[in-house]
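A closer look at the structure
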Amino acid sequence: MSVHYKKVPPEGGWGLLVGIGMAAMFTVSLGSLPSFGLMFGDFLTALGEETSAIALITSCFFSALSFAGLFTNTLMKKTSCRTVGLLGAGLYVAGSFLTVFVTSTNELLVSFSIFQGAGFGLMIPVSYTTFNAYFVEKRVVMMSVSQTLIGLGTMFYPIFIQKTMEAYGFRGCMAVLAAVNSHTLVAMLVMHPVEWHMKKVELEAEEIQITEKPIVVTPADSMVHDAKLLRIKETNRSRRASSIPGLGNWSGPVVVSDSTERDKKPSTKWQVLVDFLDLTLLKDPIYVNIVLGISFALYSDLAFFTLQPMYLFMIGFTKPDVSLIIAIGAGADLLSRVFLAISSTCLNIKARYVYLAGALFTIMARFAFLFVYDFHGMAIITAIMGFLRTWIHVPLPLVFSEHLPQKRFPSGYGLFMFLQGNITFAVGPIVGYIRDVTGSYSISFHCLTLFMALCVIPWLFEIVYYWLKARALKNAVPKAAAVDIRLESMD
């Protein structure tokens, strides 16, 4: 009797290094964003540029990130995922070393925004894709561990920057950070293809019978949302990514593209563009609402925490106080990650609802922030906003994986990064311009709160609309059945 085997992800082994590499990459890349004011505040002030320059540089950073993310899916088809990651790490490290020698805003724009932004944009999809390939059953646990490591790193990052700045000055601090950022090369080197480390597992009798039977796709299974796709559903629906525990867990549906109609038509330039960007996703109103909402919320969040150190300096806080407040916010972020990991084991809440709650409560916290001027009050309100910040960042990939089939996640996430970067590039300088014209940080913060509301309000409208629609449909079904019964009785 022959023995049948199947290859499965290792659920550990080399995957542990992949998780550590992903955590290291995100720590050094994300850690610099909330500490931007600490790093470059004095440098930009000496140049006579402050808020407007920060807004422009951060906007260009995310624009470069989005363009790089857009090309990641295409690059992965032409070369290995690991090679794309190494390319991104190379750009990020090159930008870090160029930052040591900057003397103007334009040079900082090139080194930080373009090189580091594009490098980060290439590394993000590579890290997520590789991590998801290595873990299925243990994905929740390993993602929680990785997020905890990221939280620990970002908590100590501002204190590290402040101490390094005091010891070595601006140029010396940039040189040390460039050396630290070089660890992204190691992080991308460990992103081995999962095929190198797959495990052989003996098939069970039921699985052998299933593999010997032909797959039948029924007409009922052929309708998936508004796209021309086919979904062959597995019996174990509980493994689908429907909540925080199932981060990126797409093992439920197997998606087969129905491309016969497209193959019969000659490819036009417009069709090539549509295929490259997967613009058919824009026909989905829910996807568009998700993209716009998250784009506005992310811009609001990142711009707020970038401007916060400059605001604290203005109202009289010292550099040690500011670095400690930022560290407290990062510590609350870490606690929130642990809270999400623990609560997700007993609560099955959709990631999008978690994201919506985080955005809504953040709006409330920001109104209180503007009425606090002492150190302890500022530390408390920053801790609250840091705790809520996790709810905006951690569930982000899940929001897309809940809505998109597995095969369309890379293109869907890449299109999101492209649109998000362009939105940030368009609206970013506006807030800086308002700050320079009015001379008020409060007005700028209110504008950023309004952008956060552009996520909350449309999402609430969508949820209410589809809830009412589903309720009306549910009430209509019994009525239609009753009519059918009457017609049959008349016959």
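Further up the page is the structure itself.
For clarity, every value in this text was computed on a predicted model and none was experimentally measured.

Of regular secondary structure, the chain possesses 17 helices and four strands. When the 491 residues of the chain are sorted by exposure, 51% land in the buried category. Taking all contacts inside the chain whose residues are at least 6 apart in sequence as the whole, residues at least 24 apart take part in 84%. Only carbon and sulfur atoms are counted for the fraction: they give 68% of the accessible area of the chain, which is about 23500 Å².

A cluster of nonpolar residues, L17, I20, V141, V145, L149, L152 and F156, forms a patch on the protein surface that exposes about 600 Å² of accessible area. Every element with two or more residues in the nonpolar patch is listed here: helix 1 (14-30) and helix 6 (139-181). Following the sequence through the fold, F156 ends up in helix 6.

This part covers the nonpolar core. Grouped together as the largest cluster of nonpolar side chains are 117 residues, with contacts concentrated most on I294, Y355, F400 and F416. Element by element, the count of residues in this core is highest for helix 11 (residues 285-314), at 17 residues. Ignoring anything within four residues of it in the chain, the contact list for F416 reads Y287, V291, I294, S295, L298, L396 and F400.

For S401, the location among the structural elements is in helix 15 (residues 396-403). S401 gets classed as buried once you look at its relative accessible area, which sits at 4%. In the structure, S401 is positioned eleven residues away from G412 in sequence and 9.3 Å away in space, judged by C-alpha atoms. A distance of 3.0 Å separates a polar side-chain atom of S401 from the backbone oxygen of L398.

Taken as a whole, this structure holds four salt bridges when the rule is applied. Between R389 and D301 there is a salt bridge, with its nearest N and O atoms 2.8 Å apart. In this pair, R389 is assigned in helix 14 (residues 375-393) and D301 in helix 11, connecting sequence segments 88 residues apart. Residue classification places R389 among the buried residues on the basis of a relative accessible area of 14%. The class for D301 is buried, based on a relative accessible area of 1%.

Where helix 11 contacts helix 12 (residues 319-343), the axes come no closer than 10 Å and their chain directions differ by 145°. Handedness of the crossing formed by helix 11 with helix 12: right-handed. Together, Q308, P309, L312 and F313 of helix 11 and K319, V322, I325 and I326 of helix 12 make up the contact between the two elements. For the contact of helix 11 with helix 12, the per-class residue count stands at six nonpolar, one polar and one charged.

For the coordinates displayed, the defined rule picks out 29 aromatic pairs. Centre to centre, the rings of F26 and F120 are 6.1 Å apart; their planes meet at 75°, and the pair counts as edge-to-face. Placement of F26 in helix 1 and of F120 in helix 5 (residues 105-134) is noted, with a sequence separation of 94 residues between them. Judged by centre distance (6.1 Å) and plane angle (70°), the ring pair of Y287 and F400 falls under edge-to-face. Separated by 113 residues along the polypeptide, Y287 in helix 11 and F400 in helix 15 bring together distant segments of the chain. Here the two residues Y287 and F400 agree in accessibility, since each one is buried. Put simply, the rings of F26, F36, F40, F43, F61, F62, F112, F120, Y128 and F170 touch in pairs and so form one group of aromatic residues. Residue placement shows R352 over the ring face of W459; its charged tip is 4.3 Å from the ring centre. It is R389 that lies over the ring of F305; its NZ or CZ is 4.4 Å from the centre.

Conventions and cut-offs
- Residues numbered from 1 in each chain as written.
- Predicted model: local features only at pLDDT ≥ 70, side-chain atom pairs only at ≥ 80, totals over all residues.
- Heavy atoms only, no water.
- Helix = DSSP H or I, 4+ residues; strand = E, 2+ residues; numbered from the N terminus.
- Buried < 20%, exposed > 50% of the residue type's maximum accessible area, 1.4 Å probe, protein only.
- Contact = heavy atoms within 4.5 Å.
- Areas by Shrake-Rupley, 256 points an atom, 1.4 Å probe, with all protein chains shown as cover.
- Patch = residues over 30% accessible without salt bridge, like charges linked within 9 Å, V, L, I, M, F, W, Y side chains within 5 Å.
- Salt bridge = Lys/Arg side-chain N within 4 Å of Asp/Glu carboxyl O.
- Core = buried A, V, L, I, M, F, W, Y, C linked by side-chain atoms within 4.5 Å.
- Polar contact = N/O pair within 3.5 Å; in protein donor to acceptor, adjacent residues only side chain to side chain.
- Axes fitted to C-alpha atoms, helices over the stretch in contact; angles between N-to-C directions.
- Left-handed = near helix turned anticlockwise from the far one by under 90°.
- Nonpolar A, V, L, I, M, F, W, Y, C, P; charged D, E, K, R; others polar.
- Phe/Tyr/Trp six-rings, centres within 6.5 Å; stacked < 30°, edge-to-face > 60°.
- Lys NZ or Arg CZ within 6 Å of the ring centre and 35° of its normal.

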